[in-house]
Amino acid sequence: MALHRAHTEDEGVAADGGRRRPGSERAVRLLIAAAAAAVSAAGAALVLAGVTSPARPYVVLVGLVLGSGWAVVGWLNLRPDAAYIGSLTLAVGVSVPIAVSILLVLSSWWHPVGVSGALLGVTAGVNLLLVVRHSLDGGPRAAGTEGAS
Amino acid sequence: MEPRWTRRRPVLPQLQTASGASITDRPPPPAVRSPLRHLTRGASSDPLTPYAPLVLAVLGVVAWALSVGHLHPYTAGAFGLVTHLPALWWVGLLLVTGAVALALVPATPRTTVVIGTILAFALVLHGTLSAAESTPRFEAAYTVAGFANYIALHGHTLPRIDARFSWFGMLSGDGMASTAMQVSTMWFLRWAPLVFELAYLFPVKALANATLSSPRARWAAVAIFLAGNWIDQDYFSPQAIGLLLYLVVLVVAIRTFGGRGLQPRAMRWLLSTRAMRATRTGVLRRLYLPLDARPGEALPDASTSRARAALSVLLMFLVAVLVISHQISPVALCIVLFFLYLAGRTRLRTLWVFTAFGVWAWLSWAAEPFWSGHLTKIFGSVGSVGSTFSSSVSGRAVSSSFGRSVVEFSRLGSAGLIWLVAGAGVWILWRRGRTQWNLLVLAVAPVAVGGAVSYGGEVALRILLFSMAPLAVLAACLIDGPYLRARAVAVFALVGLALVVLFPVARFGNESFEAIAPGDIAATNWIYGHVPVGSTILVFARDEPLLYSHVGDYKTRELGLVVLDSTSTIASSLPHRTAWIFMTRSQLEDGIVFGGLPKDWLTTFEQKLHQMPFVRLVDRTTTASVYRISSRVHPVHHVVPPPKLHPTRPAAHPPKPPPPKVDHHLHQRLPTVHRVQPKPAGSGTHTGTHSTAPHRTTTTTAPPGGKVHNPPPTFGTGGSAASPTGTSTTTTTTTVPAGPPPSAP
């Protein structure tokens, strides 16, 4: 699995000081971003259009967790360890909807359906940006630019 | 992959034992010649052989799936479900355990194979209850779902009703998600334990990756975590999500922001004093540990300053969500982060301050209803670690029944075993010249939670929960390193097997009273449909799903041991105004297991109730019964106004009450429940057995006055008519198919 491949000390370093991601790792990141964007967009469409479907709970849940999680973690230049990135994605993906709902309760403006749809739409857009970025310039520079201090 | 630190330090340092001899002078012991080594050696010649563990795992899952249908969780006794597990279930467990062991034979296990086997292992261990029980288990999970349902319907909390509403982060998130998903908040409950266990595996594996050097040991840590985590705090709850956030924050803190042991200046000074140095040397010599062992953890991840800054903000965000979602998890996180800072294991030197401030700020501002007037209760046992542990550990071991004692001792044994093997893992690794201070701090620091908060008898469980992930990784230290020692492998295998064998006893041991039967939910729905809002409902113990909806509508009172008293004593202790009694199978088992009551206490109690003219059985399902206590207050001397349901409503022309907000998805997944004929009041002795006629018709009459909820759609049809006097009478006719002879009560 590409994401699980750890950096080694002698991995090639680009001339500008950054380290190019291997193609397979970039492909995996691109795939995850595309999947997150697709699921989030589908979830947003289901929620905002009020579609009742047996698939709706699963699509919306995956969209909320994976979509919002990857929309944040996907921009970080983390060491390519699937467990590490996955745990951070899960934690952020769970926390973002919780934080949004906390704001709704504290502001006494409880509109869970509309806000969930909007959140899914935003995460779909952010993930789409990630897809574009990975596709165009080969993705963000990998970790290691400044080294560990 | 060769671990980074071995490349940096190819030659082991000269390590000294207490006698002064250098232990690196000894040649390394021969690698273990596993009887299963042909599986790894034959990988190139036979492409299918490496996938043998996967085949075993599939066979195990098939056996498990076939066996689950034969489980009867609602008849579990003091031993829990373990005595009811069919032989096929054990075969399934044996097969998946063997599959995991086989997958871990190669030094670098195949990722797909080991993931497949671990998924099967998790399914058999943590998915059994979810698969076997047709309705979600555990009363606390229903309460969480009820709280979330309330927020989903109303958009605000009820902190005066229940203190847990003050930490509503997870509840509001659940409410928002369930509304957007168009499901009930109970939708999450059934498979939540398995999902959470799988989610925890990510940070556990990340922790193992950051601390252990061999891929085999890293995966073994994951398996040990699954087998050792019997703690049953993975139901859909704030603490389940809290544990995930807790672990992730700590993994990031020691991995991306890991320190290399540079303690704060005061700590360095303290450690450099002659007394401390002498103590350290003495302790290490007594433990036969080398004096100059080096850090065994991996180097902190290389990352850009921008990435570190972003991660810092992200960690603060996670901490903030954790602070608003759960009471004890952020306290534990604060303590562990503080000790990591003291030990110089993280560069996040102020995150513990931020966490402490967050806990204090939230407690002061939003959780004021929780602490005002209860300060003694909250801080009463602060600092008294000993008494807290004695009440939660030794107090639990003393049980009234043999079965319960077996369950409790198996839990203590499992916990003790994992602590023991974790200690052995640290010791062996240290003997080889590698320390594991990160894991030690993560495992031991949560013990301080016992002295920092007042959490009753459960605090030891919570501490074990916080320590479980690092303990599992420490246990895997036994088989970490470039070569294996036969004794270490044997010990690790035996401990792993013992944990697997103890798991069903420890994890399924509470099933007699924690399983919520469909009949319990049907009776609860009857209460929602017929009992007026504001009524008092008497229960024996809180092992019932009364709060899964309609939170705040009813007052609940526990009867306690009054149920054993004579009829006249019970009658005098019952309320004089209209009230209700709700008894379930789970409460019956609770009384037997924890109260030491006789096995027929509920039948006897119900017989006494039948002798009281003012108590009438109004609903009975296969596992629950509802009684109505009529008002005995004299109408002349005590003018009691009817329950105020819709204030300022004129009595002469009562308008139709607005339809209450009813979660229409709530009852979609509830199974068919066999409802039985309630016996008329005063009909003599009640044996607790029921008629098995092909079809029964039950007619119940709701009490006059008060708001009556819509009856749940899953059973019963009926109509409601408002009388001119403002009272309403509801007649519910229920036709149910014949069912098997019901169990107790």
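Since this is a predicted model, take the numbers as computed values, not measurements.

A tally of regular secondary structure across chain B gives 29 helices and eleven strands. Long-range pairs, those at least 24 residues apart, make up 79% of the contacts in chain B with a sequence separation of at least 6.

Let's shift gears to the confidence of the model for chain A. Residue and element names in this part refer to chain A. A residue-level look at chain A finds 77% of positions with pLDDT of 70 or above and a mean pLDDT of 80. Throughout residues 1-19 the model reports pLDDT below 50, and contacts reaching past four residues in sequence, or to other chains, amount to 35 contacts. This stretch, residues 142-149, has a pLDDT under 50; its non-local contacts, to residues over four places away or in other chains, come to 27 contacts.

Residues and elements named next belong to chain B. In this model, helix 8 (residues 169-181) (13 residues) spans 18 Å end to end at C-alpha, consistent with the 18 Å of a helix rising 1.5 Å per residue. Across the 13 residues that make up helix 8, a large majority, 13, are buried. Q182 occupies a position one or two residues after helix 8 and carries a positive phi of about 60 degrees.

When the parts of a complex come together, some accessible area is lost, and that lost area is often taken as the interface size. Every contact between the two is made by 45 residues of chain A and, on the other side, 52 residues of chain B. Looking at the side of chain A that touches chain B, the elements that each hand over two or more residues are helix 2 (56-73), helix 3 (82-106) and helix 4 (112-137) of chain A. Tallying contributions element by element places helix 3 of chain A first for the side of chain A that touches chain B, with 17 residues. When grouped by side-chain class, the residues that make up the side of chain A that touches chain B number 28 nonpolar, twelve polar and five charged.

All right, on to the nonpolar core then. One finds A221(B), L244(B), V249(B), A472(B), A475(B) and A476(B) to be the most contacted residues of the largest nonpolar core, which totals 253 residues. Apart from the residues within four sequence positions on either side, A221(B) is in contact with V204(B), A208(B), L212(B), A472(B), V473(B) and A476(B).

Let us now look at the packing of helix 5 (residues 111-126) of chain B against helix 9 (residues 192-211) of chain B. Residues and elements named next belong to chain B. Orientation of helix 5 relative to helix 9, taken along the N-to-C sense of each, is 145 degrees, at an axis distance of 10 Å. Of the two possible hands of crossing, helix 5 and helix 9 adopt the one that is right-handed. Contacts from A122, L123 and H126 of helix 5 reach helix 9 at P193, L194, E197 and L198. Its residues assigned to classes, the contact of helix 5 with helix 9 comprises five nonpolar, one polar and one charged.

Quick look at helix 24 (residues 486-507) of chain B now. Working note: α-helix, 3.6 residues per turn, so residues spaced by three or four point in the same direction. Residue and element names in this part refer to chain B. Compared with the 32 Å implied by 1.5 Å per residue over 22 residues, the 31 Å span of helix 24 between its first and last C-alpha is a close match. The sharpest bend along helix 24 reaches about 30 degrees and sits at V501, with the proline P504 one to four residues further on. Within helix 24, burial applies to F492, V495, G496, L499, V500, L502, F503, P504, V505, A506 and R507. Here the buried face of helix 24 lies against helix 4 (87-103), helix 5, helix 10 (215-228), helix 20 (402-431) and helix 23 (459-476).

Moving on, we come to the pairing of strand 5 (residues 579-584) of chain B. Remark: a regular strand shows side chains that alternate across the two faces of the sheet. Residue and element names in this part refer to chain B. Of all six residues in strand 5, six are buried, a share of seventy percent or more. Every second residue of strand 5 is oriented toward a common face, with A579, I581 and M583 on one face and W580, F582 and T584 on the other, all of them buried. Where strand 3 (residues 536-539) and strand 5 come together, three bridges link them in parallel fashion. By the bridge assignment for strand 5, I537 is matched with W580. Taken together, the six bridges between strand 5 and strand 7 (residues 624-629) define a ladder with antiparallel strand orientation. Directly across from I581, in strand 7, lies its bridge partner Y627.

Turning our eyes to something else, we now look at the environment of A49(A). Tracing the backbone shows A49(A) in helix 1 (residues 23-49). Given 9 C-beta atoms within 10 Å, A49(A) falls into the exposed group.

Peptide bonds are trans in most cases, and residues, glycine excluded, mostly fall at negative phi. In this model, S108(A) sits at a positive phi of 55 degrees, which is unusual for a non-glycine residue. With respect to the helices and strands, S108(A) occurs in the loop between helix 3 and helix 4. Judged by local crowding, S108(A) falls into the exposed class, with 8 C-beta atoms found within 10 Å. Positive phi, normally seen in glycine, also occurs at Q182(B), with a value near 60 degrees. Along the chain, the position of Q182(B) falls in the loop between helix 8 and helix 9. Exposure remark for Q182(B): the 19 C-beta atoms within 10 Å place this residue in the partly exposed category.

Calculation rules
- Numbering of residues starts from 1 in each chain and follows the order in which that chain's sequence is written.
- Naming scheme: in the order in which they are written, chains are lettered from A and ligands are numbered from 1.
- pLDDT decides what is reported in this predicted model: residues at 70 or higher carry local features, side-chain atom pairs at 80 or more are listed and counted, and totals for whole chains, interfaces and linings draw on all residues regardless.
- Strands are runs of DSSP state E lasting at least 2 residues, helices are runs of H or I lasting at least 4, and numbering of each runs from the N terminus.
- C-beta atoms are first placed from the backbone for all residues, and any pair lying within 7 Å is then listed as a contact.
- Summary of the metric used: pLDDT quantifies the predictor's per-residue confidence within the range 0 to 100.
- One less than the residue count of a helix, multiplied by 1.5 Å, gives the span that helix is expected to have.
- Counting other C-beta atoms within 10 Å of its own, a residue is labelled buried from 20 upward, exposed at 12 or fewer, and partly exposed in the gap between, with every C-beta atom placed from the backbone.
- Each residue gets one of three labels, nonpolar for Ala, Val, Leu, Ile, Met, Phe, Trp, Tyr, Cys and Pro, charged for Asp, Glu, Lys and Arg, and polar for the others, Gly among them.
- As used here, a nonpolar core is made of buried Ala, Val, Leu, Ile, Met, Phe, Trp, Tyr and Cys residues. They are joined through C-beta atoms within 7 Å.
- Lines fitted to C-alpha atoms define the axes, with helix axes restricted to the stretch in contact, and inter-axis angles between N-to-C directions lie between 0 and 180 degrees.
- Note on convention: near helix rotated counterclockwise from far helix by under a right angle means a left-handed crossing. Clockwise means right-handed.
- Fitting axes to the seven residues that end at a residue and to the seven that start at it, the angle between those axes gives the bend at that residue.
- DSSP bridges decide pairing: two strands pair if at least two such bridges lie between them.

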